[in-house]
Amino acid sequence: MNCSISAGVQIYSHDSVKWATSGGVHGYDFSKTTIEDNCYIGPNTIIAKVWTIGAGSVVGANSYVDKSWLKGSKIAGNPARALKRS
């Protein structure tokens, strides 16, 4: 609850790589993607399947999230990395 998911954000729960490369023999690959409470996800961010964004986290604009992040993380970039604390 209380999350702000900005314009252009893409949150993936599946991919079709195995399906496409097998000519439709194999199915889609589904995995849970989780965004916990009180998060801000900046514009045009992509969150790949299977990862978790911990509660109270901030994801900067144009980021690519390819791993899970703990509660209160401040991340940005492609791929997303922890921002230095000042």
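The structure contained in this document is the topic of the report that follows. (Residues numbered from 1 in each chain as written. Predicted model: local features only at pLDDT ≥ 70, side-chain atom pairs only at ≥ 80, totals over all residues. Heavy atoms only, no water.)

Observations concerning the sheet that holds strand E12 (residues 80-82)
As summarised here, the arrangement of the 5 strands in space is E1-E6-E9-E11-E12, forming an open sheet in which the pairing is mixed. Each of the sheet's edge strands pairs with one partner strand only, and the pair in question is strand E1 (4-5) and E12. (Pairing = 2+ DSSP bridges. Helix = DSSP H or I, 4+ residues; strand = E, 2+ residues; numbered from the N terminus.)

A look at the nonpolar core
Of all hydrophobic cores here, the largest spans 10 residues; its members are Val9, Cys39, Ile41, Ile47, Ile53, Val59, Val65, Trp69, Ile75 and Ala80. Once residues within four sequence positions are removed from consideration, Trp69 is found in contact with Thr52, Ile53, Gly54, Ile75, Ala80, Arg81 and Ala82. (Core = buried A, V, L, I, M, F, W, Y, C linked by side-chain atoms within 4.5 Å. Buried < 20%, exposed > 50% of the residue type's maximum accessible area, 1.4 Å probe, protein only. Contact = heavy atoms within 4.5 Å.)

Regarding the pairing of strand E11 (residues 74-77)
The side chains of a regular strand alternate, first on one face of the sheet and then on the other. Here strand E9 (residues 58-59) runs beside E11; their pairing, made up of 2 bridges, is parallel. Its bridge partner lying in E11, Val59 is registered against Ile75. Sheet topology places E11 next to E12; 3 bridges connect them, and they run antiparallel. The residue of E12 that forms the bridge with Ile75 is Ala82.

Some details on the state of the cysteines
Using the criterion set out here, one finds 0 disulfides in the structure. Left unpaired, Cys3 is separated from the closest cysteine sulfur, that of Cys39, by 4.7 Å. Among the residues examined, Cys3 registers a relative accessible area of 31% and is labelled partly exposed. Residue Cys39 is classed as buried on the basis of its relative accessible area of 3%. (Disulfide = S-S within 2.5 Å.)

Scope: geometric values only; no functional claims are made or implied.
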